Amino acid sequence: SSGINAEYGDSKDVTLQNLMRRGFKTPFIVRADTGKPPGLRVPGPDFTVKDVERLVGATRKVDVMDVSTQRSLQMTMHQWAKYFESNKRDNLLNVISLEISQTQLCELVQPPDFVKDIDWVETVWPPIFKKSQNIGTNNMAKMKYPKVQKYCLMSVRGSYTDFHLDFGGTSVWYHLVKGAKVFWLIPPTEQNLSKFVKWTLAGKQSDVFFGDLVDKCYRVNLTAGDTFYLPGGWIHGVYTPRKSLVFGGNFLHSYNIIGQLQVTAIEDITKVEPRYLYPYFVEMAWFVAQKYHKYFKDVEVHGKGNSVLLEEEVEGLNLLLDRLEESSTFHANIPVQITCPKSLILELRDLLLHAEIDSRCSDYSEPLISRERNEEEKFSCSRPVSTNRPFTITPEASDASSDEEEE
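Residues numbered from 1 in each chain as written. Predicted model: local features only at pLDDT ≥ 70, side-chain atom pairs only at ≥ 80, totals over all residues. Heavy atoms only, no water.

## Description of the confidence of the model for the chain
Considering every residue of the chain, the mean pLDDT works out to 89; 93% of them sit at 70 or more. Here residues 395-407 is a poorly scored stretch, pLDDT under 50, and it has 18 contacts once near neighbours within four places are set aside; other chains count. (pLDDT = per-residue confidence, 0-100. Contact = heavy atoms within 4.5 Å.)

Structure follows, in structure tokens:
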């Protein structure tokens, strides 16, 4: 069915406090005529793929998706621009994963303010890692932070990306500079997600339109100047009726931790290749636990101020701690900055148990973890290093001293 399950909003309504009040569970559209959301910066409508080439470099390798097979191949940015501008095309190709941070194009693109206020890369990841990133490509060996904040998407008419989940259960902001897009959206109910797993494992995606297998599949039409927010966990397919240029970005945050962990579990089951996963997801989870732990300790001393702790954060953090405790994947990549994983988990559990949960959020409320607080942290090491430290939590082994010997 079509119909819309997306909310429409005015650009000025897109604030951090409104997000905290409403949660971020439903797709949200800001139409062009209400203006750009606060903080959003993108090039104007006269910007071309040739400009992209000039600013990211003609020799930059780009992953290009072949629409008919949904498989990926590589081209240089120069070859891609030539393909995009030509009128003779033998096959449909689509670029949906060109990350542009640390290139000259990066300066022209800024996510909406509320995204930067909650994105774990900004609020949790050690800032020194990101500052020391000097390579514009997404080569994992040289990546020092989850480099997924700024993408340029370039699609010719007729391009289609089949139903998928965005990696790590990330949420997305998406601004159409020119052209048009059609999104088919399926909510992340348990039933829909389990159908998605079956459909993916059956390997017959090209024969079966996934939208036909579920009760409700919503359609959203976007045109130039629109900004779209898609919460993590929504299954979606995307069609391009008119040649288009889009800027967008992916982010993890504290108000949908359960949805994010649900998607990573699905990625495990469906055996998604490592290069298509959210980079450093596991390390990020450990840094999140560390950041909340530190903040709760600060609150004990200095009080809460305007910070609020919401119920969905607490539920999400408890599930995150279960994962950190039980999953061998999470034990295999513990950042060296986490000196005592066992006691971190036990102490944070206890702090969460006694934490005061806020039911209201005012216009002055702030999240517990923030960019400003993250900037204040000092880290000596300038790149992410993690180690494999299998451990089990038993009541006797919970004190810090027994932990030290093991490491």
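## Structural notes on the packing of helix α7 (residues 190-202) against helix α8 (residues 257-269)
Where α7 meets α8, the closest approach of the two axes is 10 Å, and the angle between their N-to-C directions is 20 degrees. The pairing of α7 with α8 is recorded here as roughly parallel in orientation. The two elements α7 and α8 meet at a crossing, and its hand is right-handed. Of the residues in α8, those touching α7 at E190, L193, F196, V197 and L201 are Q262, I266 and I269. A class-by-class count of the residues in the contact of α7 with α8 yields 6 nonpolar, 1 polar and 1 charged. (Axes fitted to C-alpha atoms, helices over the stretch in contact; angles between N-to-C directions. Helix = DSSP H or I, 4+ residues; strand = E, 2+ residues; numbered from the N terminus. Parallel < 35°, antiparallel > 145°, perpendicular 65-115°, else oblique. Left-handed = near helix turned anticlockwise from the far one by under 90°. Nonpolar A, V, L, I, M, F, W, Y, C, P; charged D, E, K, R; others polar.)

## Focus on unusual backbone geometry
Although it is not a glycine, Q70 sits at a positive phi angle of roughly 60 degrees. Among the secondary structure elements, Q70 is positioned in the loop between β3 (61-66) and β4 (71-76). Overall, Q70 belongs to the partly exposed group, its relative accessible area being 28%. (Buried < 20%, exposed > 50% of the residue type's maximum accessible area, 1.4 Å probe, protein only.)

## What to know about the pattern of salt bridges
One pass over the full model with this rule turns up 15 salt bridges. Ionic pairing is found between E122 and K130, a salt bridge with its closest N-O pair at 3.0 Å. Of the charged contacts in the structure, one is a salt bridge between D298 and K294, with a shortest N-O distance of 3.4 Å. With a gap of 4 residues between them, D298 and K294 both fall in helix α9 (residues 281-302), about one helical turn apart. (Salt bridge = Lys/Arg side-chain N within 4 Å of Asp/Glu carboxyl O.)

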